[in-house]
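Topology and contacts: notes
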Amino acid sequence: LSAICVGDDVLVSTSKGVGVLKDGQWSSLSEFDGAAIYALCADLKGGYWVLSQNGLSHVQGSETSSYSLGSAISPALVNAIRVDQENQLWICTYGQGVFRLDGEKIKPFPLFSAPKVVFDCLFHPNGSRWFCTLNEGIIVLENDNSRSINTKNGLPSDAVMCLLLDDWKNVWIGTSGGGVARYSGQDFVHIDQSNGLPGKQVYAIQQWGNSMMLGVATKGLVSMDLTTQSCSVDSTLEGNKVKCLFRDSKERLWVGTEGQGLRIMSADTTLV
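Quick summary incoming for the structure in this document. (Residues numbered from 1 in each chain as written. Predicted model: local features only at pLDDT ≥ 70, side-chain atom pairs only at ≥ 80, totals over all residues. Heavy atoms only, no water.)

**Brief notes about the overall build of the protein**
- Helix and strand content of the protein: zero helices and 27 strands.
- Here the C-alpha atoms of the protein give a radius of gyration of 18 Å, agreeing with the 19 Å that 2.2 N^0.38 yields for 272 residues.
- Taking the principal axes of the C-alpha coordinates as reference, the protein spans close to 50 × 45 × 30 Å.
- The buried share among the 272 residues of the protein stands at 52%.
- Looking at the protein alone, contacts between residues at least 24 apart form 36% of all its contacts between residues at least 6 apart.
- Accessible surface, the protein as shown: approximately 12700 Å² in total, 44% of it carbon and sulfur.
- Seen as two clouds, the 21 positive and the 27 negative side-chain charges of the protein have centres 5 Å apart. (Helix = DSSP H or I, 4+ residues; strand = E, 2+ residues; numbered from the N terminus. Rg over C-alpha atoms; globule rule 2.2 N^0.38 Å. Buried < 20%, exposed > 50% of the residue type's maximum accessible area, 1.4 Å probe, protein only. Contact = heavy atoms within 4.5 Å. Areas by Shrake-Rupley, 256 points an atom, 1.4 Å probe, with all protein chains shown as cover. Lys, Arg positive; Asp, Glu negative; His and termini not counted. Charge placed at Lys NZ, Arg CZ, Asp CG, Glu CD.)

This is the structure in structure tokens:
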């Protein structure tokens with residue numbers, strides 16, 4: 001599941017199309033009805049990208065443009081689509097590396113160690129590009145230079161599942177096998193079982209108020225207080241795999257699970 005804001009509306013990917021929450025009411029985008037949606041991404045100009053079983057589409061107002069993925073990319077193997085600071089689209093895949101939309105064509109983008117599994121990417125305000133990989137930690141591109149962030153220089157695991165930039169420009173890193181790390185540019189802070197984190201696999205991270213919300217292994221949704229770094233488990237979601245966390249423009253938290261649907265939470269109540 002992925003979710004994005006387009007104005008005040010929230011779009012959600014599903015196995016049968018794109019769901020839209022508008023003014024408290026659910027509807028769907030008719031042009032994608034019946035199609036499995038693998039990823040959504042808002043662009044920087046009010047439009048958005050949809051990756052479906054039928055390929056890649058860009059929607060801008062009432063106009064939809066289609067792009068061929070060719071034989072190089074299987075939509076079902078795409079982990080994430082993102083736009084960078086220049087509104088350029090990037091595609092992270094499982095087993096096929098990284099691709100970038102260059103004009104009208106989708107082209108492979110070579111990372112220096114050529115990882116095949118790239119779960120996600122993050123574009124930092126300082127202009128750097130971060131790619132999280134299955135076995136090689138994080139690959140950071142800065143201008144024409146590349147560097148690695150891995151267990152040799154402080155990362156708790158080289159299997160990195162997700163990245164998040166917080167309100168203070170720290171990068172939060174969710175790993176498989178090492179819990180969470182916060183990276184300020186020089187030092188790592190590790191959040192693991194010593195802080196009460198109830199698992200080593202972290203699939204999703206989202207800041208929400210004074211908490212960092214984490215999707216942790218089979219423990220579901222975990223809230224970490226940013227002041228005390230203490231963790232607590234949401235008992236109503238325990239046992240579920242939380243694979244997506246999203247904060248919308250109205251400061252609601254969207255919690256997407258694997259096979260158990262969607263929950264929407266406001267600061268004082270659960271809405272769905």
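Moving on, there is more to tell.
**Some words on the packing of aromatic side chains**
- Inspection of every chain in the model, using the stated rule, returns eight aromatic pairs.
- Relative to Trp254, the ring of Trp26 has its centre 6.0 Å away and its plane inclined at 75 degrees; by these criteria the two rings are edge-to-face. You can see Trp26 sitting in strand 4 (residues 25-28) and its partner Trp254 sitting in strand 26 (residues 253-257), a full 228 residues away along the chain.
- You can call Trp26 partly exposed: its relative accessible area is 44%.
- Three or more aromatic residues joined by ring pairs form one cluster here, namely Trp90, Phe109, Phe123 and Phe131.
- Lying over the aromatic face of Tyr203, Lys243 brings its terminal NZ or CZ to 4.9 Å of the ring centre. (Phe/Tyr/Trp six-rings, centres within 6.5 Å; stacked < 30°, edge-to-face > 60°. Lys NZ or Arg CZ within 6 Å of the ring centre and 35° of its normal.)

**Describing the environment of Leu69**
- When you line up the elements, Leu69 lands in the loop between strand 8 (63-67) and strand 9 (78-83).
- On the basis of relative accessible area, Leu69 is assigned to the buried category, the value being 11%.
- The spatial distance from the C-alpha of Leu69 to the C-alpha of Ile106 is 6.7 Å, given a sequence separation of 37 residues.
- For Leu69, the contacting residues outside a window of four places in its chain are Leu51, Gly55, Leu56, Pro75 and Ile106.

**A look at the pattern of salt bridges**
- The full count for this structure, using the stated rule, is ten salt bridges.
- Residue Asp9 is joined to Lys22 by a salt bridge in which the shortest nitrogen-to-oxygen separation is 3.5 Å. You can see Asp9 sitting in strand 2 (residues 9-14) and its partner Lys22 sitting in strand 3 (residues 17-22), a full 13 residues away along the chain.
- Residue class for Asp9 comes out buried when judged on its relative accessible area of 19%. (Salt bridge = Lys/Arg side-chain N within 4 Å of Asp/Glu carboxyl O.)

**What to know about the environment of Ile138**
- By the element assignment, Ile138 lies in strand 15 (residues 138-142).
- Note: C-alpha distance between Ile138 and Val117 (21 residues apart in sequence) is 12 Å.
- Setting aside anything within four residues of it in sequence, one finds Ile138 in contact with Trp130, Phe131, Arg147, Ser148, Ile149, Leu155, Val160, Leu163 and Ile173.

**Quick notes on the nonpolar core**
- If you look at the biggest cluster of nonpolar residues, it comprises 18 residues, and the most contacted ones within it are Trp130, Ile138, Ile149, Val160, Leu163, Ile173 and Phe188.
- Broken down by secondary-structure element, the contributors of at least two residues to this core are strand 13 (118-123), strand 14 (129-133), strand 15, strand 17 (160-165), strand 18 (171-175) and strand 19 (180-183). (Core = buried A, V, L, I, M, F, W, Y, C linked by side-chain atoms within 4.5 Å.)

**Re the sheet that holds strand 20 (residues 188-191)**
- Strand order in the open sheet formed by four strands is 17-18-19-20, with antiparallel pairing between adjacent strands. Looking along the sheet, the strands with just one partner apiece sit at the ends: strand 17 and strand 20. Strand-to-strand twist in this sheet, taken as the mean axis angle between neighbours without regard to direction, amounts to 20 degrees.
- Where strand 19 meets strand 20, four bridges bridge the pair, whose relative direction is antiparallel. Paired with Val180 across the bridge in strand 20 is Ile191. (Pairing = 2+ DSSP bridges. Axes fitted to C-alpha atoms, helices over the stretch in contact; angles between N-to-C directions.)

**Regarding the sheet that holds strand 27 (residues 262-265)**
- Overall, antiparallel pairing links the three strands, which are arranged 25-26-27 in an open sheet. Each having just a single partner strand, strand 25 (242-247) and strand 27 make up the two edges of the open sheet. Each strand of the sheet is rotated relative to its neighbour by a mean of 15 degrees, with strand direction disregarded.
- Relative to strand 26, strand 25 runs antiparallel, the two sharing five bridges. Among the inter-strand pairings, Arg247 is bridged to a residue of strand 26, identified as Leu253.

**Digging into the state of the cysteines**
- Under the criterion given, the structure shown has zero disulfides.
- Cysteine Cys41 is unpaired, with the sulfur of Cys121 as its nearest cysteine sulfur at 8.5 Å.
- Given the relative accessible area of 5%, Cys41 is considered buried. (Disulfide = S-S within 2.5 Å.)

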